[in-house]
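A closer look at the structure
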Amino acid sequence: MKDEIKTHWNGRAAEYDKNVRQVIYSDRERVTWQKIFIQALGREKLKILDVGTGPGIVANLLSDLGHDVTGVDVSESMIKKAMENSDALHHSLELVQGDGERLPFESGSFDAVVNRYVLWTLPDPMKALAEWRRVLKPGGRLVVVDGTWYRHGKDKPLSKKLLQNLSVPLIMITERRMPKCHDLDDDIMNNLWSSNLKRPEADADMFKSLGFSQIQIVNALNKRLLTNLDYLKNGHCGERFMISGVK
Ligand SMILES: C[S@@+](CC[C@H](N)C(=O)[O-])C[C@H]1O[C@@H](n2cnc3c(N)ncnc32)[C@H](O)[C@@H]1O
């Protein structure tokens, strides 16, 4: 499954970057995301690892806050995009191609490990969380931002299906592009742990069983992140949340 996931993200890197890069290039989105991470990490300058960095969105906005950031991603095409964004913003990120479940870093290397929209896609979330905990210094914080993307597989409630149908003409008119359907292969989607468990409750259980303390959950991030128009275009994809805990 991991090879299929890597192929999926390699194939989507350019178009994914185009769709999400406004987070680092637009003031409104960048500042909103920065406030969300400040809420979890505070303002002290930290050595941070962004796992599954993709085109380096979170890595760049944390670097902008003065942190020393390393990004790792399994997809070489995503790392290339992350390098382009980091160069364009004159940030000096360390970017490494590697597997988030077998990180090429010593134990206890980072003050914080963060990731956005990554955990849902990993076949063995406990293994990944344990690996992220390994590279944290004692007292370091793990911050996971994710969404309820494929909950219930293809059996979305009617309200979500209607929103999804409405989103197509809205995206065509406001963004002058034809939205593509990126649903994963049915087998992968239905077998992913994240399609079948209630989140973030399931995440909190995993954090607890791995020994994380001071677990904090911030729900309903869509309200903070999406304008009304964004909600009509993307609200059908799922609700975003943040969960964090201390090693
Ligand atoms: C939805 S994208 C999120 C990218 C980025 N974190 C963001 O916030 O835009 C998921 C990313 O996770 C990466 N990924 C998936 N499995 C991975 C693994 N085992 N190790 C490292 N990265 C992985 C993908 O290559 C992709 O870049």
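What counts and how
- Chains are numbered independently. Their residues run from 1 in the order of the written sequence.
- Since the coordinates come from a predicted model, pLDDT governs what is reported: local features require at least 70, and pairs of side-chain atoms require 80 or more to be given and counted, while whole-chain, interface and lining totals use all residues.
- Derived side-chain values reflect all non-hydrogen atoms in the structure, with water molecules and hydrogen atoms excluded from consideration.
- Comment: elements are numbered from the N terminus, with helices defined as DSSP H or I runs of at least four residues and strands as E runs of at least two.
- Here the expected length of a helix is defined as 1.5 Å per residue gap, with one fewer gap than residues.
- Two axes enter the definition of the bend at a residue: one is fitted to the seven residues ending there, the other to the seven starting there, and the bend is the angle between them.
- Buried residues are those whose accessible area, probed at 1.4 Å on protein chains only, stays under 20% of the maximum for their type, while exposed residues exceed 50% and partly exposed ones sit between those limits.
- What makes two residues a contact is simply this: any of their non-hydrogen atoms within 4.5 Å.
- Here is the rule: rings of Phe, Tyr and Trp (six-membered ring for Trp) pair when centre to centre is within 6.5 Å. Planes less than 30 degrees apart are stacked, more than 60 are edge-to-face, and the remainder are tilted.
- The criterion is that NZ of a Lys, or CZ of an Arg, lies within 6 Å of the ring centre and within 35 degrees of the ring normal, and then a charge sits over that ring.
- Whenever a carboxyl oxygen of Asp or Glu lies within 4 Å of a side-chain nitrogen of Lys or Arg, that contact is scored as a salt bridge.
- The residues that make up patches have over 30% relative accessible area and no salt bridge, and they are joined within 9 Å when like-charged or within 5 Å when they are Val, Leu, Ile, Met, Phe, Trp or Tyr.
- The protein chains shown are the only cover counted for residues, whose accessible areas, like all others here, come from Shrake-Rupley with a 1.4 Å probe.
- One heavy atom suffices: a residue is near a molecule or strand as soon as one of its heavy atoms comes within 4 Å of it.
- In protein, a polar contact requires one atom able to donate a hydrogen and another able to accept it; more generally it is a pair of N or O atoms within 3.5 Å, and residues adjacent in sequence count only if both atoms are side-chain atoms.
- As a working rule, the residues Ala, Val, Leu, Ile, Met, Phe, Trp, Tyr, Cys and Pro are called nonpolar, Asp, Glu, Lys and Arg charged, and the rest polar, with Gly in that last group.

Let us now look at helix 1 (residues 2-20). In this model, helix 1 (19 residues) spans only 23 Å end to end at C-alpha, well below the 27 Å of a helix rising 1.5 Å per residue. Remark: the principal bend of helix 1, roughly 60°, maps to Ala13. Taken together, the buried positions of helix 1 are Ile5, His8, Trp9, Arg12, Ala13, Glu15, Tyr16, Asp17 and Val20. Where helix 1 is buried, its residues touch helix 2 (22-25), helix 4 (57-64), helix 5 (76-88) and strand 4 (110-116).

Counting across every chain of the model gives 6 aromatic pairs. Taking the centre distance of 6.4 Å and the plane angle of 80° together, the rings of Trp9 and Trp120 count as edge-to-face. A residue pair is termed long-range when its members are at least 10 positions apart, and Trp9 in helix 1 and Trp120 in the loop between strand 4 and helix 6 (125-134) qualify at 111 residues. Assigned by exposure class, Trp9 and Trp120 land together as buried. Look at Trp33 and Tyr117: their rings are 6.3 Å apart centre to centre, the planes differ by 80°, and that puts the pair in the edge-to-face class. One end of the pair, Trp33, is in helix 3 (residues 27-41); the other, Tyr117, is in the loop between strand 4 and helix 6, and 84 residues separate them in sequence. Just as Trp33 is buried, Tyr117 falls in that class too. What links up through ring pairs into an aromatic cluster is the set Trp9, Tyr16 and Trp120. Sitting over the face of the ring of Trp33, Arg116 holds its NZ or CZ atom 4.7 Å from the ring centroid. Lying across the ring of Phe212, Arg133 places its NZ or CZ 5.3 Å from the centre.

Leave glycine aside and you will find that most residues have negative phi; peptide bonds, for their part, are mostly trans. Arg199 connects to Pro200 through a cis peptide bond whose omega is 5°. Tracing the backbone shows Pro200 in the loop between helix 9 (193-196) and helix 10 (201-209). Its identity as a non-glycine residue notwithstanding, Ala220 has a phi of 55°, on the positive side. Mapped onto the elements of the fold, Ala220 is located in the loop between strand 6 (213-218) and helix 11 (221-225). A relative accessible area of 29% means that Ala220 is categorised as partly exposed.

Enumeration over the complete set of coordinates arrives at 13 salt bridges. Close ionic contact of Arg30 with Asp64 constitutes a salt bridge, the shortest N to O distance being 3.3 Å. Taken together, the residues Arg30 in helix 3 and Asp64 in helix 4 connect sequence positions 34 residues apart. Take Arg30: its relative accessible area is 18%, and that puts it in the buried class. Overall, Asp64 belongs to the partly exposed group, its relative accessible area being 41%. The partner of Arg199 in a salt bridge is Asp203, with the nearest N and O atoms 2.7 Å apart. By relative accessible area, Arg199 is classed as buried at 6%. One network of salt bridges, with partners in common, ties together Asp27, Arg30 and Asp64.

Where nonpolar side chains cluster on the molecular surface, the patch consists of Val168, Met172, Ile173 and Met178 and spans about 390 Å² of accessible area. Residue placement: Ile173 occurs in helix 7 (residues 158-175).

This next bit is on the side chain of Glu131. Assignment of secondary structure puts Glu131 in helix 6. We classify Glu131 as buried; its relative accessible area is 11%. Sequence-distant contacts of Glu131, defined by excluding residues within four places in its chain, comprise Gly100, Glu101, Arg102 and Leu103.

Moving on to the environment of Ala82. Summarising the element assignment, Ala82 is placed in helix 5. Judged by its relative accessible area of 0%, Ala82 is buried. Remark: the alpha-carbon pair of Ala82 and Val69, spanning 13 residues in sequence, is separated by 12 Å. Sequence-distant contacts of Ala82, defined by excluding residues within four places in its chain, comprise Gly54, Pro55, Gly56, Asn60 and Leu95.

All right, on to the site of the ligand then. Near the ligand lie 18 residues; those nearest to it are Tyr16, Gly52, Asp73, Gly100 and Arg116. Residue Gly100 places a main-chain N or O atom 2.7 Å away from a nitrogen atom belonging to the ligand. Against a free-state accessible area of 590 Å², the protein chains account for coverage of 98% of the ligand. Looking at the shell around the ligand residue by residue, the classes come out as 8 nonpolar, 7 polar and 3 charged.

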